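A closer look at the structure
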Amino acid sequence: MFKYEDIKKIAIIFNRGTVCFDMTKTEQDVLKQAFPQAEICVDVDQEHMMERMPDADALFVFPLMPVGKYVAQDKNIKWVHSLLAGYDHLLIPEILENDDIVLTNTSGIHGKPISEYVLAMILGRLKSLSYMEKQQKNHIWMQPWLEEIEGKTVAVLGVGNIGKEVARKCKAVGFRVLGYKRTAEELDYVDRIYTEPSELPELLAQSDFVVSTMPASPATRKMMGRD
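Residues numbered from 1 in each chain as written. Predicted model: local features only at pLDDT ≥ 70, side-chain atom pairs only at ≥ 80, totals over all residues. Heavy atoms only, no water.

Looking now at the nonpolar core. I10, I12, L59, V67 and Y70 are the most contacted members of the largest nonpolar core, which totals 32 residues. Where this core is concerned, the elements lending two or more residues are β1 (9–13), β2 (39–43), β3 (58–61), α3 (68–73) and β4 (79–82). I122, V156, V177 and V190 belong to the second largest nonpolar core, which has 19 residues in total. (Core = buried A, V, L, I, M, F, W, Y, C linked by side-chain atoms within 4.5 Å. Buried < 20%, exposed > 50% of the residue type's maximum accessible area, 1.4 Å probe, protein only. Helix = DSSP H or I, 4+ residues; strand = E, 2+ residues; numbered from the N terminus.)

Structural data, given as structure tokens:
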């Protein structure tokens, strides 16, 4: 395990071509306050980073960014961190087979923004917002069929940090909410929790909307099939 003072160089691979936002100077300044002893380098891909900072102690990376070549050539690297909660893109031999590398992820901060996005998509579907926007662009003024929340059920698969916030918001606006997680838990904003994979057909058969917030892992891969 590395020590705080061991982090002297931080490489951040953040490709603006795959996201519509940037890592601002203010955010870099916050990181600099946390690691005043460290030099920080931000670049768009591993090839550039290998040239600019080939010997970083820590690598922060956005999902979808390949980093295997960088990690393999950087002999100083002690810490690889995913800038989002997901880290399955970092489960690569260059990291997993190196016992000196600590792998971490950014967990616990995504419940609010993702739950707001989920609720917006559900309401947009019920109120035909996408359809009306297309009609508006074509100057067609036909009233679409609009549905209400009352009587609708939302299933949340994976009632963890993000799933709980999704469930809470859905319940607050009037949905019936069902949840699926490995261990039973009583939540005021979930009408029923299912814990067994064999119960999924029953859960799904009742649901108008299904929200999966389960982590990508061998246990969850292909859990949702044609049936």
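What follows deals with the packing of helix α5 (residues 111–126) against helix α7 (residues 161–172). Taken N-terminus to C-terminus, the directions of α5 and α7 make an angle of 45°; their axes are 8 Å apart at the nearest point. Between α5 and α7, the crossing angle belongs to the class labelled oblique. Once α5 is placed against α7, the crossing between them reads as right-handed. Across from G111, K112, I114, S115, E116, V118, L119 and I122 in α5, the residues of α7 making contact are N161, I162, E165, V166, K169 and C170. (Axes fitted to C-alpha atoms, helices over the stretch in contact; angles between N-to-C directions. Parallel < 35°, antiparallel > 145°, perpendicular 65-115°, else oblique. Left-handed = near helix turned anticlockwise from the far one by under 90°. Contact = heavy atoms within 4.5 Å.)

Now for the sheet that holds strand β5 (residues 102–105). The five strands are arranged β2-β1-β3-β4-β5 in an open sheet whose pairing can be described as parallel. Two strands in the sheet have a free side with no partner beyond their single neighbour: β2 and β5. Going across the sheet, the axis of each strand differs from the next one's by a mean of 15°, ignoring polarity. Strand direction decides the pairing type here: β1 and β3, joined by four bridges, are parallel. Bridge pairing in β3 links I13 to V61. Strands β1, β2 and β3 of the sheet are contacted by helix α1 (residues 25–34), whose axis makes an angle of about 150° with β2. (Pairing = 2+ DSSP bridges.)

This next bit is on the layout of surface pockets. Of the pockets and cavities examined, the largest pocket occupies roughly 940 Å³. Forming the walls of the largest pocket are 33 residues, and the residues nearest its centre are G158, T213, M214, P215 and A216. In the lining of the largest pocket, the residues fall into 16 nonpolar, 14 polar and three charged. (1 Å grid on protein atoms, 1.4 Å probe; cavity = no way out; pocket = protein on both sides within 12 Å on 5 of 7 lines; lining within 4 Å. Points joined across faces, edges and corners; volume = space filled by probe spheres on them. Nonpolar A, V, L, I, M, F, W, Y, C, P; charged D, E, K, R; others polar.)

Turning our attention to the side chain of S207. Here S207 lies in the loop between α8 (200–205) and β9 (209–212). Reaching out from S207, the side chain makes a polar contact with the backbone oxygen of L203 at a distance of 2.8 Å. Excluding residues that lie within four positions of it along the chain, S207 makes contacts with T153, A155 and L178. (Polar contact = N/O pair within 3.5 Å; in protein donor to acceptor, adjacent residues only side chain to side chain.)

Turning our attention to the pattern of salt bridges. Within the structure shown, the criterion is met by 12 salt bridges. Two residues, D55 and K9, come together in a salt bridge whose shortest N-O distance is 3.1 Å. In this pair, D55 is assigned in the loop between α2 (46–52) and β3 and K9 in strand β1, connecting sequence segments 46 residues apart. Judged by relative accessible area, which is 28%, D55 ranks as partly exposed. The exposure class of K9 is partly exposed, given its relative accessible area of 24%. Measuring nitrogen to oxygen at the nearest pair gives 3.1 Å for the salt bridge that ties E185 to K164. You can see E185 sitting in the loop between β7 (176–180) and β8 (192–194) and its partner K164 sitting in helix α7, a full 21 residues away along the chain. (Salt bridge = Lys/Arg side-chain N within 4 Å of Asp/Glu carboxyl O.)

Of all residues in the protein, 97% have pLDDT values of 70 or greater, and the mean over the chain is 91. Least confident of the elements in the protein is α1, whose mean pLDDT is 90; most confident is strand β6 (residues 153–157), at 98. (pLDDT = per-residue confidence, 0-100.)

Turning our attention to the sheet that holds β8. Taken in spatial order, the four strands line up as β8-β7-β6-β9 in an open sheet, and their pairing is parallel. Strand pairing shows two members of the sheet lacking a second neighbour, β8 and β9, which therefore form its edges. Each neighbouring strand pair of the sheet contributes to a mean axis angle of 20°, computed without reference to strand direction. Taken together, the five bridges between β6 and β7 define a ladder with parallel strand orientation. Each residue of the ladder has a partner; that of L157, found in β7, is Y180. Most of the contacts of α5 go to β9, to which it runs at about 160°, and overall it touches β6 and β9.

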